[in-house]
Amino acid sequence: MLLGVALDAAAHADSDRSSWGGFWSGLIGRLDGAVDFVTLEDGFARAGADGPDAVLLANWLAPRSRDIGIIAGAPVNLLEPFHVSTAIATLDYVSEGRAGLLAQRLREARAAEGRRALGALNGFPADDRQAQDRDAQAAIEVISRLWDSWEDDAVIRDPKSQRFLDGSKLHYIDFEGADFRVLGPSITPRPPQGQPPVAIAWAEGDDPSLIREADIVFLPAGQGEIGDVIRDSRRGAEGAGPIFIADLDLGPEGPSIAGLVVAAKQATELGAGGIRIVLSDPSVQLGQLLSEVLPGLRDAGFVRRPSGGTLRQRFNLPVAANRYTAAA
Amino acid sequence: MSKKQIILGAQFPGVNNFTVWRDPAAGSQIDFASFRHFSETVERGKFDFIFLAEGLRVREQKGRFHELDVAGRPNTLAILTALSSITSHVGLIGTLTTTFNEPYPLARQLATLDILSGGRAGWNVVTSPGAFTGANFRRGDHLPFGERYERAREFIEAARTIWAGGDFSSHSRHFDIAGRSGLAPLPQGAPIIAQAGDSEEGRELAAGHADLIYSRHGTLEAGQAFYADVKNRLAKYGRSRDALKILPGAAFILGDTQEEAQEKLKAIRLQQVSPKNAIVFLEQVWNRDLSDHDPDGPLPVAEPDISAQLAQGRANRFDNRLETARAWRELAEREGLSIRELIIRVTARQQFVGTPESIASEIDRHVQEDAADGFVFAPHLTPGGFDEFVEKVIPILQERKVFRRDYSGDTLRGNLGLPPALLPDRERHDELVGRIAS
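Residues numbered from 1 in each chain as written. Chains lettered and ligands numbered in written order. Predicted model: local features only at pLDDT ≥ 70, side-chain atom pairs only at ≥ 80, totals over all residues. Heavy atoms only, no water.

1. Thoughts on the overall build of chain A
Now for step 1: Helix and strand counts for chain A come out as 11 helices and 12 strands.
Now for step 2: Taken against the 2.2 N^0.38 rule, which gives 20 Å for 328 residues, the C-alpha radius of gyration of chain A at 20 Å falls within 12% of a compact globule.
Now for step 3: Taking the principal axes of the C-alpha coordinates as reference, chain A spans close to 65 × 50 × 45 Å.
Now for step 4: Sorting the 328 residues of chain A into buried and exposed places 60% on the buried side.
Now for step 5: For chain A, contacts bridging at least 24 residues in sequence account for 74% of all contacts bridging at least 6.
Now for step 6: Surface exposure of chain A reaches about 12,400 Å², of which carbon and sulfur atoms provide 48%. (Helix = DSSP H or I, 4+ residues; strand = E, 2+ residues; numbered from the N terminus. Rg over C-alpha atoms; globule rule 2.2 N^0.38 Å. Buried < 20%, exposed > 50% of the residue type's maximum accessible area, 1.4 Å probe, protein only. Contact = heavy atoms within 4.5 Å. Areas by Shrake-Rupley, 256 points an atom, 1.4 Å probe, with all protein chains shown as cover.)

2. A word on the sheet that holds strand β11 (residues 243-249) of chain A
Residues and elements named next belong to chain A.
Now for step 1: Pairing is parallel around the closed barrel formed by 8 strands, whose spatial order is β1-β2-β3-β4-β9-β10-β11-β12. This sheet shows a mean twist of 25° between the axes of neighbouring strands, independent of strand direction.
Now for step 2: Judged from the 5 bridges that link them, strand β1 (residues 2-8) and strand β2 (residues 37-41) form a sheet pairing that is parallel. Looking at β2, one finds that V5 is bridged to V38.
Now for step 3: Taken strand by strand, helix α7 (residues 225-234) contacts β10 (216-220) and β11, and its axis lies near 165° from that of β11. (Pairing = 2+ DSSP bridges. Axes fitted to C-alpha atoms, helices over the stretch in contact; angles between N-to-C directions.)

3. A closer look at the nonpolar core
Now for step 1: With 166 residues, the main nonpolar core has L31 of chain A together with W123, W163, F377, F386 and F389 of chain B as its most contacted residues.
Now for step 2: L282, A332, I339 and L342 of chain B belong to the second-largest nonpolar core, a separate cluster that totals 18 residues. (Core = buried A, V, L, I, M, F, W, Y, C linked by side-chain atoms within 4.5 Å.)

4. With respect to the interface of chain B and chain A
Now for step 1: Contacts between the two partners involve 64 residues from chain B and, on the opposite side, 68 residues from chain A.
Now for step 2: Summed over both sides, the interface between chain B and chain A buries roughly 5,600 Å², with carbon and sulfur atoms accounting for 59% of that surface.
Now for step 3: Where chain B meets chain A, there are 4 salt bridges.
Now for step 4: Linking chain B with chain A are 40 residue pairs in polar contact (both at pLDDT 80 or more).
Now for step 5: Only α1 (32-44), α2 (76-86), α3 (103-116), β8 (176-181) and α9 (275-286) of chain B provide two or more residues apiece to the side of chain B that touches chain A.
Now for step 6: For the side of chain B that touches chain A, the per-class residue count stands at 30 nonpolar, 19 polar and 15 charged. (Buried area = accessible area lost by both parts, 1.4 Å probe. Salt bridge = Lys/Arg side-chain N within 4 Å of Asp/Glu carboxyl O. Polar contact = N/O pair within 3.5 Å; in protein donor to acceptor, adjacent residues only side chain to side chain. Nonpolar A, V, L, I, M, F, W, Y, C, P; charged D, E, K, R; others polar.)

5. Details of the UniProt feature "binding site: FMN" (unreviewed entry) in chain B
Now for step 1: The positions that UniProt labels "binding site: FMN" (unreviewed entry) are, in the present scheme, T95, Y149 and S199 of chain B.
Now for step 2: Relative to the assigned elements, Y149 of chain B resides in helix α5 (residues 148-164). (UniProt positions renumbered as here; feature names shortened; annotations may be inferred.)

6. Concerning unusual backbone geometry
Now for step 1: Look at the link from G184 of chain A to P185 of chain A: it is a cis peptide, with omega at -5°.
Now for step 2: Along the chain, the position of P185 of chain A falls in the loop between β8 (181-182) and β9 (198-201).
Now for step 3: With an omega dihedral of -5°, the bond running from T382 of chain B to P383 of chain B counts as a cis peptide bond.
Now for step 4: For P383 of chain B, the position within the fold is in the loop between β14 (374-377) and α13 (387-399).

7. So, the pairing of strand β9 (residues 192-195) of chain B
Residue and element names in this part refer to chain B.
Now for step 1: Residues I192 and A194 of β9 are buried on one face, and the alternating residues I193 and Q195, pointing to the opposite face, are buried as well.
Now for step 2: Both strand β6 (residues 121-126) and β9 contribute to a ladder of 4 bridges, which runs parallel. Across the sheet, the residue bridging to G122 is I192, located in β9.

8. Description of the side chain of N75 of chain B
Now for step 1: With respect to the element layout, N75 of chain B can be found in the loop between β4 (64-65) and α2.
Now for step 2: In this structure the side chain of N75 of chain B is engaged in a polar contact, spanning 3.3 Å, whose partner is the backbone oxygen of H83 of chain A.
Now for step 3: Among residues more than four places away in sequence, those in contact with N75 of chain B are H83, T86, A87, T90 and T188 of chain A.

9. Overview of the packing of helix α10 (residues 321-335) of chain B against helix α11 (residues 339-346) of chain B
Residues and elements named next belong to chain B.
Now for step 1: Where α10 meets α11, the axes come as close as 10 Å, and the angle between the chain directions of the two elements is 115°. By crossing handedness, the relation of α10 to α11 is classed as right-handed. On α11, the residues that touch W328, L331, A332 and E335 of α10 are L342, I343, R345 and V346.
Now for step 2: Class assignment for the residues of the contact of α10 with α11 results in 6 nonpolar, no polar and 2 charged. (Left-handed = near helix turned anticlockwise from the far one by under 90°.)

10. Re helix α12 (residues 356-368) of chain B
Residues and elements named next belong to chain B.
Now for step 1: Look at α12: 18 Å from first C-alpha to last across 13 residues, which is about the 18 Å you get at 1.5 Å a residue.
Now for step 2: Looking at α12, one finds that the buried residues are P356, I359, A360, I363, D364, H366 and V367. Each buried residue of α12 lies within a common arc of 160° when the element is viewed along its axis, so the set occupies one face.
Now for step 3: Its buried side turned inward, α12 meets α7 (220-232), β11 (245-254), β13 (351-354), β14 and α13.
Now for step 4: Positive backbone phi, at 55°, marks D370, one or two positions downstream of α12. (Expected span 1.5 Å × (residues − 1). Arc of directions from axis to C-beta.)

11. Things to note about the packing of helix α8 (residues 257-269) of chain A against helix α9 (residues 282-299) of chain A
Residue and element names in this part refer to chain A.
Now for step 1: Across the interface, α8 lies against α9 with an axial gap of 10 Å and an inter-helix angle of 45°. As far as their axial angle goes, α9 and α8 are oblique. Judged by the twist between their axes, the crossing of α8 over α9 is right-handed. Facing I257, L260, V261 and A264 of α8, the residues of α9 in contact are E292, V293, G296 and L297.
Now for step 2: The residue makeup of the contact of α8 with α9, split by class, is 6 nonpolar, 1 polar and 1 charged. (Parallel < 35°, antiparallel > 145°, perpendicular 65-115°, else oblique.)

Dropping the structure here:
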């Protein structure tokens, strides 16, 4: 099964600014080649502890790593989907196909903080969960359509016709949702993976349709509901559906390898395709992860060395067809 | 008296007809390898900064995507942050609009870049055309044209409040925001602010708020007039004449002899203005479909249509179409120019053409004679456009002791020789400067 690590982009935010580079560089250097992917949660509008922008941090980490998948968090219901789409596409170019988007949905107190920091603006969702969730879903749709808005062979460099671009291979996405519309096409050519995988963290009360549209869904392990969520999302759905990844905490007392192995086994039996270890304090826990947890999980036969390739390949996702090419 | 030190910026070749794609040496405009080659070269040449332009909608002409020029670019802040990871001293300045961004997310991203780069972030503040670009953004065409600069000024003020850290709030005509930022103190106090507008309002905004001006006045005389005008505005904001650097955009064509450089220039201009591109330029002024005209033939007989606008997504350089058409007609008749020859002539930008010695000497003259503090150069090739410049021109400038042999400062602000950043609260400002210094 797949093995990932969850990090918070604000993990080191309280420390001296000049130490950030060393901290993150050391972290990614040790994780690269050891685990399949890392997620970076963004702290947008987290009062007083917002930390750095996670998508930019991901773009900084990408050239310092060779193998690891980098899934960058962005609160899609409070950002411009156009900017998020081009930034993740750029991450995919910089990492040569290792990029993913963790589509964060800010709700309740965090969403209210976000609205204060942004101001009351047209085109952004109202302060209720239904509007915020609907907006997040719309934003993900826009981000994903923009990735397809250039066909792979749109750049032709044809001296004969004097054209750099074949305009018929660029497409308006012409999205119109409840709160906003976006015309497109993107300014960034289709990224190497075509569609970098989109991940969400499951939350109580989520619409099953949202779960089905994600490529990767993170679920809190150790609770009975993990099996229910997986079963519900697959009921009556066509196609493969998302890959479920169970989240495991190392716990305040340090890791119990036996406990983790049991939890990982349970998650697999319930239909999860991998586990994500949440590192709430990476400077302490990274050593434990690499020297104890990882060998323990390998010995139990749960995880292998990362297989390399694009993030889509590693999640066993098919080559992404371009919706606009297919429609032509 | 020691000589003025030259500031050099390196623009990544952009989405326009100056970037030549037909040359066999032209590489990808989007692959990271191109950005890597480009940034490593200019850092080897000890340039002050890398500069990226912006365009948030694919350009269109006559309702169709413009196909003739290089198109497709990365997200500005994302690629600059990636470049900060593979370089150590060169500054990173991105053009980012105040029209389709909001202060909190943008200030936070610029702060992120400043911290991760160790104090090398810069922001070229621009405003965007409303309806055309707005179609890609949540708020759409939300801003009356006349309020663009007011919003830009208030945006910068709001961003500075956020960069100062802790609880922030900004209440103005365009913003009503509050929150708490956890990123201060930034390595530079605040990122470098550049301003590109050339209008009266743009000059005033720069005099009050900017560290750099990216200008278009590249000739010696025009440059001197602009330089004096802008520097004279600084006193009223309580700023010294050194607090704002003036950097015209320019191109260069290098040859082993003057003649060879001129021959190269001719060939490059023919590539930049292809026959079809010549017609497209003409259509922007005539505002008519001229695709049936021969680019090697004479100008159209008909006058421009002065109703709606044909081209979208590029700076509108031809405000008065009838007047422009009259002047072009006169020039073409006087010198017997075809459409393509005329467009090659009238769309020429400021260029230094010659041998490495003559170009170095011209750059130096512009700076020593107060037409500029330096230049932002845009080569015509991706990604190797600066290879020869770094190999041949930079050593001559260093020999003349007008350009650094190595970076002296740790931050972009330090390398540019600028005073500490302006932050809103004086007391907090002094405290931050103290903390940064210590």
